[in-house]
Amino acid sequence: MKPETLCLHAGYEPGNGGARALPIYQSTTFKFDSTKHVGALFDLTAGDAFYTRLGNPTTDAVEKKIAALEGGVGALCTSSGQAASMLSILNIAQAGDHIVTASAIYGGTVNLFGVTMKKLGIDVTFVDDDAPLEELQKAIQPNTKAVFGETIANPALHVLDIEKFAELAHGNGLPLIVDNTFATPILCRPFDFGADIIVHSTTKYMDGHAVQMGGVIVDSGKFDWGASGKFPGLTEPDESYHGLRYTESFGAAAYITKARVQLMRDMGTCQTPTGAFLLDLGLQTLPLRIRQHSSNAQAVAQYLEQQKDIEFINYPGLASDKYHALAEKYLPEGTAGVISFSIKGGRERAAKFIDSLKLVSLEVHVADIHSCILHPATSTHRQLSDQQLVDCGITPGLVRLSVGLENVDDILEDLQQAFDAINE
Ligand SMILES: *Cc1c(COP(=O)(O)O)cnc(C)c1O
């Protein structure tokens, strides 16, 4: 079935007289008739939900829907996007190992990999995602366990050359993990271009209404962990399950099963049933919303490009953008709603511009239904000097605009009156 249909029907099929809307199983636990059945649950030979940290029927329905949308064999919902990125790595890397990641990724992921993972003993090399394959190859070490990148990077708005990164990973017997948060499976399905694992912050477009924190990991089922020979955690016995081997017992779903029954069991970063329900509600209209976000943002980007107060603009949907050719290949239907641009005159003028907006709201968020804006130099990056800002690719006048679903004429009018205000 096509994505629009999957968004409505995948994962949950009501029986005769069953609830049309996905029921919320607001229960931490489930009742069983025999110790034999419960024993089978703990041996992983029966698959029912028995404790909500490890699985819940509401969450299970959403996981099946997202797996269907991405074209994967299974998915695992998590408490946030950060938890999804963390578990995606910890599932295959441990102290003494190493990962390679594109530099243009979400700031929270930069901290996770560069600070916290390092403390856990997992080393990381950040690579220039625009570098040619031969250059990228130099970052791979004998202990490297994964290659990571982001389809549309937040906030740099680089478009990842997924096929190039897949070639780098596979040429070295490694999986490629892609954060597909901004694109969503409606605009890009990274598995079609060679990615092996996908992560999302479902807090963003998938929910889309800014009501739920969540993340998800999706397994393509295509990576051959056994052939690679680098992943004993998947191919060798797990003593915490009586010596079970994930690849042997779960085949194509080895990775996602291990993430659930071992890491989610031990770390507990699970989605809630009500969070899963809200996420599902968002997913039902995702195709309509993401296309409208893209077309509104395209119009806003074209308007901004003409403004004399703009130093530069990043939006891969613009023909003049450095990543336009990659966007045409990987994101032919649109490049989502986030734009970044720099206002001439630095911090002060950018701040005045934002303070003058009436409809577009100042928020630490992106990718939701309301248009919102953020000024890194006075918020997330306010401790940095102007020079330090430039060094991390952020100018003092840079703003990140997330174009919502208001009528685009109203958004444009609000931006215009704010430009007028900074020129008074
Ligand atoms: C927001 C975001 C995350 C982190 O997700 P949370 O749900 O906030 O934990 C990860 N990746 C990208 C691309 C994001 O935009």
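Note that the coordinates shown come from a computational prediction; the quantities given were computed from them, not determined experimentally.

Chemist: Any chance you could explain the overall build of the protein chain here in plain terms?
Modeler: When its secondary structure is counted, the protein chain shows 18 helices and 12 strands. Relative to the globule expectation of 22 Å for 424 residues, the C-alpha radius of gyration of the protein chain, 22 Å, shows essentially globular dimensions. On the principal axes, the C-alpha backbone points of the protein chain span a range of 75 × 55 × 35 Å. The 424 residues of the protein chain split such that 54% are buried. In the protein chain, once contacts between residues fewer than 6 apart in sequence are set aside, the share between residues at least 24 apart is 72%. For the protein chain, the accessible surface area stands at approximately 17,600 Å², while carbon and sulfur atoms represent 54% of it.

Chemist: It is not clear to me how the pairing of strand β6 (residues 197-201) should be interpreted in this structure. Could you clarify?
Modeler: Within a regular beta strand, the side chains point alternately toward one face of the sheet and then the other, so they alternate between its two faces. Among the five residues of β6, five are classified as buried, and the element is accordingly described as predominantly covered. Of the pairings in the sheet, the one linking strand β5 (residues 176-179) to β6 comprises three bridges and is parallel in character. Its bridge partner lying in β6, Val178 is registered against Ile198. Relative to strand β7 (residues 215-219), β6 runs antiparallel, the two sharing five bridges. Across the sheet, residue Ser201 finds its bridge partner in β7, namely Gly215.

Chemist: Help me understand the packing of helix α16 (residues 346-356) against helix α18 (residues 408-422), please; the structure alone is not making it clear to me.
Modeler: Two measures define how a pair of helices packs: the angle their axes make with one another and the distance between the axes. Taken N-terminus to C-terminus, the directions of α16 and α18 make an angle of 135 degrees; their axes are 8 Å apart at the nearest point. One way to sum up the angle between α16 and α18 is to call them oblique. Helix-helix and strand crossings are classified by hand; for α16 and α18 the assignment is right-handed. Two secondary-structure elements touch here, α16 through Arg349, Lys352, Phe353 and Ser356 and α18 through Leu415, Gln417, Ala418, Phe419, Ala421 and Ile422. Of the residues contributing to the contact of α16 with α18, the split by class is six nonpolar, two polar and two charged.

Chemist: Would you explain the sheet that holds strand β3 (residues 123-127) in this entry?
Modeler: Strand pairing in a sheet is mediated by backbone hydrogen bonds. Such pairs are either parallel or antiparallel. Taken together, seven strands build an open sheet; the order of strands is β1-β7-β6-β5-β4-β2-β3 and the sheet is mixed. At either end of the open sheet lies a strand with only one pairing partner, and these are β1 (74-78) and β3. If you compare each strand with its neighbour and ignore which way they point, the axes differ by 20 degrees on average. For strand β4 (residues 144-150) and β5, the ladder comprises four bridges, and the chain directions are parallel. Looking at the pairing, Gly149 lines up with Val178 of β5.

Chemist: When you look at the nonpolar core in this model, what are you seeing that I'm missing?
Modeler: What tends to happen in soluble globular proteins is that the nonpolar side chains get buried as a cluster. Among the nonpolar cores identified, the biggest contains 93 residues, and Phe113, Leu176 and Leu331 are the most heavily contacted of them. Counting residues per element, this core draws most heavily on helix α12 (residues 254-267), which supplies seven residues. Apart from residues no more than four positions distant in its own chain, Leu331 is found in contact with Ile152, Val159, Ala183, Leu187, Cys188 and Leu326. The next biggest cluster of nonpolar side chains, apart from the first, holds 27 residues, and it includes Ala301, Tyr315, Ile343 and Ile422.

Chemist: Explanation requested: the packing of aromatic side chains in the structure shown.
Modeler: Within a pair of aromatic rings, the relevant descriptors are the distance that separates the centres and the angle that separates the planes. One pass over the full model with this rule turns up 12 aromatic pairs. Here Phe223 and Phe231 contribute two aromatic rings whose centre-to-centre distance is 6.0 Å and whose plane-to-plane angle is 90 degrees, an arrangement assigned as edge-to-face. Classification of Phe223 as buried rests on a relative accessible area of 13%. Put simply, the rings of Phe223, Trp225, Phe231 and Tyr255 touch in pairs and so form one group of aromatic residues. The side chain of Lys145 reaches across the aromatic face of Phe231, ending 5.6 Å from its centre. A cation sits over an aromatic face here: Lys204 above Tyr106, 5.1 Å from the ring centre.

Chemist: I keep staring at the layout of surface pockets and nothing clicks. Help me out?
Modeler: Empty space among the atoms becomes visible once a probe the size of a water molecule is rolled across them. Size it by volume and the largest pocket reaches roughly 1,000 Å³. Considering the residues around the largest pocket, the lining is formed by 43 residues, among which Tyr106, Gly107, Gly108, Asn154 and Pro155 are closest to the centre. Broken down by secondary-structure element, the contributors of at least two residues to the lining of the largest pocket are α4 (81-90), α5 (107-119), β6, β8 (310-314) and β12 (398-402). The class makeup of the residues in the lining of the largest pocket is 17 nonpolar, 21 polar and five charged. In this structure, the second largest pocket occupies an estimated 720 Å³ of space. Every residue lining the second largest pocket is counted, 29 residues in all, and those nearest its centre are Gly47, Leu54, Thr257, Arg260 and Val261. Looking at the lining of the second largest pocket, the elements that each hand over two or more residues are α2 (35-42), α3 (57-70), β1 and α12.

Chemist: Sorry if this is basic, but what is going on with unusual backbone geometry here?
Modeler: Most peptide bonds are trans, and most residues other than glycine sit at a negative phi. With omega at 5 degrees, the peptide bond leading from Asn154 into Pro155 counts as cis. Within the secondary structure layout, Pro155 lies in the loop between β4 and α7 (162-171). Residues other than glycine seldom take positive phi values, yet Leu44 does so here, at roughly 65 degrees. Note that Leu44 resides in the loop between α2 and α3. Phi is positive for His242, close to 55 degrees, though the residue is something other than glycine. Position of His242 relative to the elements: it lies in the loop between α10 (232-235) and α11 (246-250).

Scoring rules and cut-offs
- Residues numbered from 1 in each chain as written.
- Predicted model: local features only at pLDDT ≥ 70, side-chain atom pairs only at ≥ 80, totals over all residues.
- Heavy atoms only, no water.
- Helix = DSSP H or I, 4+ residues; strand = E, 2+ residues; numbered from the N terminus.
- Rg over C-alpha atoms; globule rule 2.2 N^0.38 Å.
- Buried < 20%, exposed > 50% of the residue type's maximum accessible area, 1.4 Å probe, protein only.
- Contact = heavy atoms within 4.5 Å.
- Areas by Shrake-Rupley, 256 points an atom, 1.4 Å probe, with all protein chains shown as cover.
- Pairing = 2+ DSSP bridges.
- Axes fitted to C-alpha atoms, helices over the stretch in contact; angles between N-to-C directions.
- Parallel < 35°, antiparallel > 145°, perpendicular 65-115°, else oblique.
- Left-handed = near helix turned anticlockwise from the far one by under 90°.
- Nonpolar A, V, L, I, M, F, W, Y, C, P; charged D, E, K, R; others polar.
- Core = buried A, V, L, I, M, F, W, Y, C linked by side-chain atoms within 4.5 Å.
- Phe/Tyr/Trp six-rings, centres within 6.5 Å; stacked < 30°, edge-to-face > 60°.
- Lys NZ or Arg CZ within 6 Å of the ring centre and 35° of its normal.
- 1 Å grid on protein atoms, 1.4 Å probe; cavity = no way out; pocket = protein on both sides within 12 Å on 5 of 7 lines; lining within 4 Å.
- Points joined across faces, edges and corners; volume = space filled by probe spheres on them.

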